[in-house]
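Spelled out from the first residue to the last, the chains are:
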Amino acid sequence: MKLKEELKKSKMILKQGPFCATCQKTNKQEDDSKDKGGGQSIKNCSRCSVVKYCSKKCQREDYTNGHKEACAKIEKHKKEADDLTEKLKAVPVGNNKVENAFETRVGRFSEQMASSIGGKDFQPKEYLKAKFGLAQQIMALAEKHEDRDLYERLCRDLLEIKRLDHTDVLGVRSILPFVLLILGRDNDCYGFIKWHLSRDENYDWSNPPNASKGNPIILQFLI
Ligand SMILES: [Zn+2]
Ligand SMILES: [Zn+2]
């Protein structure tokens, strides 16, 4: 009985839907106060668009409480990823032709591109690093604000990184199971870990996982 109570206490309760990162007010509460003549709707942070605030006052308060640094990092990683997205969508491959790496190099993003096709400016691995840096910032914010929407976004971002790089050089596999557990997706977590652990030593990680033959559903997001 005691253990059960302890478990209950330790159960993570995530907040869902838009809420102010500073005062925790939700949109509904905002609407109610609007009826009484006050309030604005909950808006994204104007720089990073990741956390949300009910007012300029709450935004300023969170800024001085540490969001300023996180916000700048998010903005930097986002810009890096966006710049590289543009480039990787149109990699020059000779004869005035271009290649969209997001179509042609799925699963192989950690491989160096031959200097003959693109060279230094076209680094899919740098794109992965920017996306992973962004994911790490989102993870810290999801944890800080116990924000379900941010955990869900983190889950999607991590799956996308793993999909682009089947070999998983950045180690998505060591974070994803915890994120799935936090989201209450125990079966997906179990399926993912079981699948990972049951590869034999000759398994070619550069191949996409096979989602058909009794493999867990979570793998279908990686193909
Ligand atoms: Zn607020
Ligand atoms: Zn921000």
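Residues numbered from 1 in each chain as written. Chains lettered and ligands numbered in written order. Predicted model: local features only at pLDDT ≥ 70, side-chain atom pairs only at ≥ 80, totals over all residues.

Novice: Looking at this structure, how should I read the overall build of the protein?
Specialist: Along the protein, the regular secondary structure elements total eight helices and four strands. Along the protein, helices (α) and strands (β) appear in the sequence α-α-β-β-α-β-β-α-α-α-α-α when read from the amino end. When contacts within the protein are restricted to residue pairs at least 6 apart in sequence, long-range pairs at least 24 apart make up 56% of them. (Helix = DSSP H or I, 4+ residues; strand = E, 2+ residues; numbered from the N terminus. Contact = placed C-beta atoms within 7 Å.)

Novice: Can you help me understand the nonpolar core in this one?
Specialist: General note: in soluble globular proteins, nonpolar side chains tend to be found buried as a group. Counting 45 residues, the largest nonpolar core has I138, L154, L158 and I161 as the members making the most contacts within it. Broken down by secondary-structure element, the contributors of at least two residues to this core are helix 3 (56–89), helix 5 (124–145), helix 6 (148–164), helix 7 (176–182) and helix 8 (186–197). Tallying contributions element by element places helix 5 first for this core, with nine residues. If we ignore the near neighbours within four places in the chain, the residues touching I161 are L128, K131, F132, A135, L170 and V172. (Core = buried A, V, L, I, M, F, W, Y, C linked by C-beta atoms within 7 Å. Buried ≥ 20, exposed ≤ 12 C-beta atoms within 10 Å, placed from the backbone.)

Novice: Looking at this model, I keep getting lost on the packing of helix 5 against helix 6. Mind explaining?
Specialist: When two helices pack together, you describe them by how their axes are tilted relative to each other and by the distance separating the axes. Here helix 5 crosses helix 6 at 160°, and the two axes come no closer than 9 Å. In this view, helix 5 runs roughly antiparallel relative to helix 6, as classed from their interaxial angle. In the packing of helix 5 onto helix 6, the handedness of the crossing is left-handed. For the pair formed by helix 5 and helix 6, the contact residues are L128, K131, F132, A135, I138, M139, L141, A142 and H145 on the first element and L150, Y151, R153, L154, D157, L158, I161 and L164 on the second. Here the residues of the contact of helix 5 with helix 6 sort into 13 nonpolar, one polar and three charged. (Axes fitted to C-alpha atoms, helices over the stretch in contact; angles between N-to-C directions. Parallel < 35°, antiparallel > 145°, perpendicular 65-115°, else oblique. Left-handed = near helix turned anticlockwise from the far one by under 90°. Nonpolar A, V, L, I, M, F, W, Y, C, P; charged D, E, K, R; others polar.)

Novice: Honestly, the environment of T104 in this entry has me stumped. Any pointers?
Specialist: Position of T104 relative to the elements: it lies in helix 4 (residues 101–104). Sequence separation between T104 and K89 is 15 residues; the distance between their C-alpha atoms is 9.8 Å.

Novice: I keep staring at the packing of helix 3 against helix 5 and nothing clicks. Help me out?
Specialist: One can describe the packing of helix 3 onto helix 5 by two numbers: an axis separation of 9 Å at closest approach and a directional angle of 150°. The angle between the axes of helix 3 and helix 5 places the two elements in the roughly antiparallel class. For helix 3 against helix 5, the interelement crossing comes out left-handed. Taking contact as the criterion, the partners of A70, K73, I74, H77, K78, E80, A81, L84, T85 and L88 in helix 3 are, on helix 5, P124, E126, Y127, A130, K131, G133, L134, Q137, A140 and L141.

Novice: How should helix 3 be read in this particular structure?
Specialist: Residues separated by three or four positions in an α-helix point in the same direction, a consequence of the helix having 3.6 residues per turn. Between its first and last C-alpha, helix 3 extends only 37 Å over 34 residues, short of the 50 Å set by a 1.5 Å rise per residue. Taking the largest bend as the criterion, helix 3 deviates by roughly 85°, centred on G66. Buried within helix 3 are the following residues: Q59, D62, H67, A70, C71, I74, H77, L84 and L88. Buried positions along helix 3 lie against strand 2 (52–53), strand 3 (91–94), helix 4 and helix 5. (Expected span 1.5 Å × (residues − 1). Bend = angle between axes of the 7 residues up to and from the residue.)

Novice: Would you mind showing me how to read unusual backbone geometry here?
Specialist: Peptide bonds are, in most cases, trans, and in most cases residues other than glycine have a negative phi. Backbone geometry at S49 places phi at a positive 55°, although glycine is not the residue there. Tracing the sequence through the fold places S49 in the loop between strand 1 (43–44) and strand 2. Note on S49: 13 C-beta atoms within 10 Å, which makes it partly exposed. In this model, E146 sits at a positive phi of 45°, which is unusual for a non-glycine residue. Within the secondary structure, E146 is located in the loop between helix 5 and helix 6. Note on E146: 15 C-beta atoms within 10 Å, which makes it partly exposed.

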